[in-house]
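Chain by chain, the residues run as shown.
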Amino acid sequence: MTDRLGVAIVGLGGAVATTAIAGIEMIKAGSNSLGGLPLADRDDAGMVAYRDLCFGGWDLTEDTLDVCALRHGVIGHAELSDGASSLSGMRAWPAVGSTDFCANIDGGNKVVATGHRQAVELIRADMDRFRVEQGLERLVMINLASTERLPDPQAESLSSIAAFERGLDGNDPAISPAMLYAYAAIGADTPYANFTPSVAADVAPLAELAHQRHVPIGGKDGKTGQTMMKTVIAPALRQRSLHVDGWFSTNILGNSDGRALDDPRSLQAKLDTKKSVLNQILGYPVEDHIVMIHYYRPRGDDKEAWDNIDITGFLGQKMQLKLNFLCKDSVLAAPLVIEIARILDLARQRGQGGVQEQLGVFFKAPQTTDGREPRHGFNDQQLVLEEWLDRG
């Protein structure tokens, strides 16, 4: 066994995953710097080095990762010939998928299982094989798959661990692929993070299972662009007593994430996490907080996020703030995924299980240990992470 850390990714062929893998492979080859990695300047005992990360995972696509990367348009031929060439020999393992939960995403590299239990067994078999083939002692799992629709909140299977176990045995349709992966990881004592808006380890029985088994978990929905800016700007407006009368946000993106969100049911899950931050930060409800996401295929991974903020200041004077963020979605997300994997692994080495609140700075809807409302202000969240790292 080696000191390397295995990162098992759900959605290995996606833009975020292929960008993360290419970046790390180029670091190993010496053709990429550590620029853009939030924790590159930290030297915390026990935190795995970037070059000691090893990737594998599941996806519905049958293409090799270099083909996937070129299709997404973030990584090009230059990067693939300059350190990231290993992507050409990588394929994803067959994935658990459901067009009921994610209507616009499907593929031929799909697990054939008789039911939920067998699907979990196959996921764990892949994890075990990954460990053996790569000589890995430690493993984490991160969900980067497409956004699923919200499950029925009244489903009996989602009420307790015992009910979830019965739901697995009965192949309850309320149990989603994201939940199966989270259950497989937690039951195998593997740290798990959910970078998507899908309901996974935050569902009550799985959060409790992680607590009982002392497995580090974190999520959900990576905070990369527009929402990150909200959590920076909103605290400043509050501190200056500038009242937010309305906040209009719109996004256009053309990658696979955008295609998944073109399904109204998946879109709702995303909107729920994107709209969750303002009221908590400001301390009052923003009545006219509107968030819109549009799938616009020509834009690809080059997302545009546009915000109009109406504010009231001294003497009741009305003002506006306008922000236009033209960003590369996966270039923002990939470094966060890498750091989340490293922190999950460090938490396990420190003997810490259950919800890892220090990960909140990376998520739109951070999990908390007792279900209380999370803190969303960026600086507050960053301080929590830095204090946790320092305590090591």
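Remember, it's a predicted structure, so these values are computed and weren't measured experimentally. (Residues numbered from 1 in each chain as written. Predicted model: local features only at pLDDT ≥ 70, side-chain atom pairs only at ≥ 80, totals over all residues. Heavy atoms only, no water.)

*Asks:* In this structure, what is going on with the sheet that holds strand β7 (residues 243–253)? I would like to understand it.
*Replies:* Hydrogen bonds between backbone groups are what pair the strands of a sheet, and the pairing can be parallel or antiparallel. The sheet built from 4 strands is open, its strands ordered β8-β7-β9-β10 with mixed pairing. This sheet does not close on itself; its edge strands, each paired only once, are β8 (288–295) and β10 (318–328). Strand-to-strand twist in this sheet, taken as the mean axis angle between neighbours without regard to direction, amounts to 10°. Relative to β10, strand β9 (residues 302–312) runs antiparallel, the two being bridged by 11 bridges. (Pairing = 2+ DSSP bridges. Helix = DSSP H or I, 4+ residues; strand = E, 2+ residues; numbered from the N terminus. Axes fitted to C-alpha atoms, helices over the stretch in contact; angles between N-to-C directions.)

*Asks:* So what exactly am I meant to see when it comes to the environment of L237 here?
*Replies:* Its place among the elements puts L237 in helix α8 (residues 226–239). For the pair L237 and P177, spaced 60 residues apart in the sequence, the C-alpha separation amounts to 40 Å. Setting aside residues up to four positions removed in sequence, L237 forms contacts with L242, V244, W247, I309 and I311. (Contact = heavy atoms within 4.5 Å.)

*Asks:* What is the right way to look at helix α5 (residues 161–169) in this model?
*Replies:* Each α-helix turn comprises 3.6 residues. Residues three or four places apart therefore point the same way. Of the positions making up α5, those classed as buried are A163, F164, G167 and L168. The arc enclosing the buried residues of α5, seen along the axis, measures out at 145°, which places them on a common side. More than 90 degrees from the buried face of α5, the exposed residues found are R166 and D169. Summarising the contacts, the buried residues of α5 are in contact with α4 (116–134), α6 (177–187) and α7 (204–213). Just downstream of α5, N171 is the residue with a positive phi angle, here 55°. (Buried < 20%, exposed > 50% of the residue type's maximum accessible area, 1.4 Å probe, protein only. Arc of directions from axis to C-beta.)

*Asks:* Any chance you could explain the packing of aromatic side chains here in plain terms?
*Replies:* Taken as a whole and judged by the stated rule, the model has 6 aromatic pairs. Ring plane angle 65° and centroid distance 5.3 Å describe the contact between W93 and F130, whose orientation is recorded as edge-to-face. Within this pair, whereas W93 is found in strand β3 (residues 93–94), its partner F130 is found in helix α4, the two being separated by 37 residues in sequence. Residue classification places W93 among the buried residues on the basis of a relative accessible area of 14%. (Phe/Tyr/Trp six-rings, centres within 6.5 Å; stacked < 30°, edge-to-face > 60°.)

*Asks:* How should the nonpolar core be read in this particular structure?
*Replies:* What tends to happen in soluble globular proteins is that the nonpolar side chains get buried as a cluster. With 50 residues, the main nonpolar core has V7, I142, F195, I340 and F362 as its most contacted residues. Going through the elements one at a time, β1 (2–10), α1 (15–29), β2 (53–59), α2 (65–72), β4 (136–143), α12 (329–349) and α13 (378–391) are the ones with two or more residues in this core. When residues in this core are grouped by element, the largest group, 11 residues, is from α12. Counting 45 residues, the second largest nonpolar core, distinct from the first, contains L60, V111, I175 and A182. (Core = buried A, V, L, I, M, F, W, Y, C linked by side-chain atoms within 4.5 Å.)

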